[in-house]
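Analysis of the macromolecular model
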Amino acid sequence: MAPSLVIKAGPLAGRRFELGPELVVGRVDADVTIEDPLLSRRHALIRSARGEVQIEDLGSRNGTWVNGERITGVMRIEPGDVIEVGDTSLEVEFARERDGRTVLAPREDAGRGKDDEELRLISALFADLGGSAAAGESLRTVTGAVERFGGAVQAAPEGRVVALFGLPDERDDDAERAARAALAIRDTVAAPRIGIATGEIDVELLDRGDPRWWARSDATNVAAGLESLADPGTILVEQATARRLVHEFEFEPLGDANVAGRGEPVEAWKLICAQPDEVAESAAPAPVAAPPLSLRFEVDWKTGEVLLDLGEESEQIRLVYDGGRWRIAPLAGAPPRPSS
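Residues numbered from 1 in each chain as written. Predicted model: local features only at pLDDT ≥ 70, side-chain atom pairs only at ≥ 80, totals over all residues. Heavy atoms only, no water.

A word on the overall build of the chain. Within the chain one finds 6 helices and 24 strands. For the chain, the proportion of its 340 residues judged to be buried stands at 38%. The long-range fraction of contacts in the chain, counting pairs at least 24 apart against all pairs at least 6 apart in sequence, stands at 50%. Of the roughly 19700 Å² of accessible surface on the chain, a fraction of 48% belongs to carbon and sulfur atoms. (Helix = DSSP H or I, 4+ residues; strand = E, 2+ residues; numbered from the N terminus. Buried < 20%, exposed > 50% of the residue type's maximum accessible area, 1.4 Å probe, protein only. Contact = heavy atoms within 4.5 Å. Areas by Shrake-Rupley, 256 points an atom, 1.4 Å probe, with all protein chains shown as cover.)

Below is the structure:
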């Protein structure tokens, strides 16, 4: 039995496609057509031959990602690898012969040890407050913003704040929560420098209280590096996080950035603001029902005057057409209305 391409998440979630010698994934003119604005017309090519599967990006605008890393050439796919194109997540299921039967090969992570189980997908936020945290007020403001969006401040060394979203409980929208917290910090603290990145972290390092735990995770290392590269009052986000949030926020691409401890450059994006149509329904005021209106009017055809009666003695208005426009005139026996 040939390997199969299984769509785990996205518009075609649950669909399975048998892999032939070549299979193109894209938005149009492809073997697997996915209606996703983040996909190019012919986005990626998957080859299958002699039990080996390879994937190649076809010069797409938003890239092809394997296990969270953007590929730059032809890459061999192993059991358990996660392929991401746009908002779609795919996996290749391999088969092998055993006892005359064809069975699916087990995923490589089926027998993960305890150390692997401690890895957790998180979004890290690093903020440099420019030393203003010494006063205490800015630090309290930042901590409040982080906690309001479900994050936790892990450290505040020398005017910096290190916060994680995804601990103790991982959520699907942790990256979005980190971005919203960053915008809240930018809008309330004077000229902060903020970096955000998403990736796995070893929870055991936190549990042991390792003082340099953030330097031992790629996500936190990248977030720290982006923070150091950010201009005052700006938020920098790496490409993987920006791709997750492209529908909720506006970004400006900045190109490659060199981050300390990273062998390859990081694609940096500047977070501008939330999309204009992303207004929480819960924040909108509840509609107020207007009381029923009883309206009567009388017209004096000789003078052209109109008397409006709104149902209350004190709610009567006399309109007079004078000089090409309507004006409000005092009622009989009422004091003159001051002119505007």
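One open sheet accounts for 6 strands, arranged β2-β1-β11-β10-β7-β8; its pairing is antiparallel. Edge strands, defined here as strands with exactly one partner in the open sheet, are β2 (16–18) and β8 (69–70). Where strand β7 (residues 64–66) and strand β10 (residues 82–85) come together, 3 bridges link them in antiparallel fashion. Bridge assignment links Trp-65 to a residue of β10, and that residue is Glu-84. (Pairing = 2+ DSSP bridges.)

Moving on, we get to the pattern of salt bridges. Across all of its chains, the model carries 11 salt bridges by this definition. Overlapping salt bridges bring together Glu-22, Arg-47 and Glu-56 as one network. (Salt bridge = Lys/Arg side-chain N within 4 Å of Asp/Glu carboxyl O.)

Let us look at unusual backbone geometry. Residues other than glycine seldom take positive phi values, yet Asp-29 does so here, at roughly 55°. Even without glycine at this site, Ala-191 takes up a positive phi of about 45°. Relative to the helices and strands, Ala-191 is located in the loop between α3 (174–188) and β17 (193–202).

Within strand β16 (residues 160–165), 5 of the 6 residues are buried, which leaves it mostly tucked inside the rest of the structure. For strand β15 (residues 152–155) and β16, the ladder comprises 3 bridges, and the chain directions are antiparallel. Residue pairing in the sheet places Ala-155 in a bridge with Val-162 of β16.

Within the largest apolar cluster, 27 residues are counted, with the highest numbers of intra-cluster contacts made by Leu-125, Ile-185, Ile-194, Ile-196, Ile-235 and Leu-271. Breaking this core down by element, the ones donating at least two residues are β14 (119–128), α2 (137–148), β16, α3, β17, β18 (234–238) and β19 (249–257). The biggest single contributor to this core is α3, with 8 residues. Those residues in contact with Ile-185 that sit more than four places away from it in its chain are Leu-125, Val-142, Ala-145, Val-146, Pro-192 and Ile-194. Ranked by size, the runner-up nonpolar core spans 22 residues in total, among them Leu-5, Ile-34, Ile-83 and Phe-94. (Core = buried A, V, L, I, M, F, W, Y, C linked by side-chain atoms within 4.5 Å.)

Here we take up the sheet that holds β14. The 7 strands lie next to each other as β15-β16-β14-β17-β18-β20-β19, forming an open sheet whose pairing is mixed. Both edges of this open sheet fall to β15 and β19, since each of them pairs with a single strand only. The mean inter-strand angle of the sheet, taken between neighbouring strand axes irrespective of direction, is 30°. Strand direction decides the pairing type here: β14 and β16, joined by 6 bridges, are antiparallel. Among the inter-strand pairings, Phe-126 is bridged to a residue of β16, identified as Val-162. This element, α2, spans β15 and β16 of the sheet and lies at about 10° to β16. Against the sheet, α3 contacts β14, β16, β17, β18, β19 and β20 (266–274), and its axis sits at roughly 65° relative to β20. (Axes fitted to C-alpha atoms, helices over the stretch in contact; angles between N-to-C directions.)

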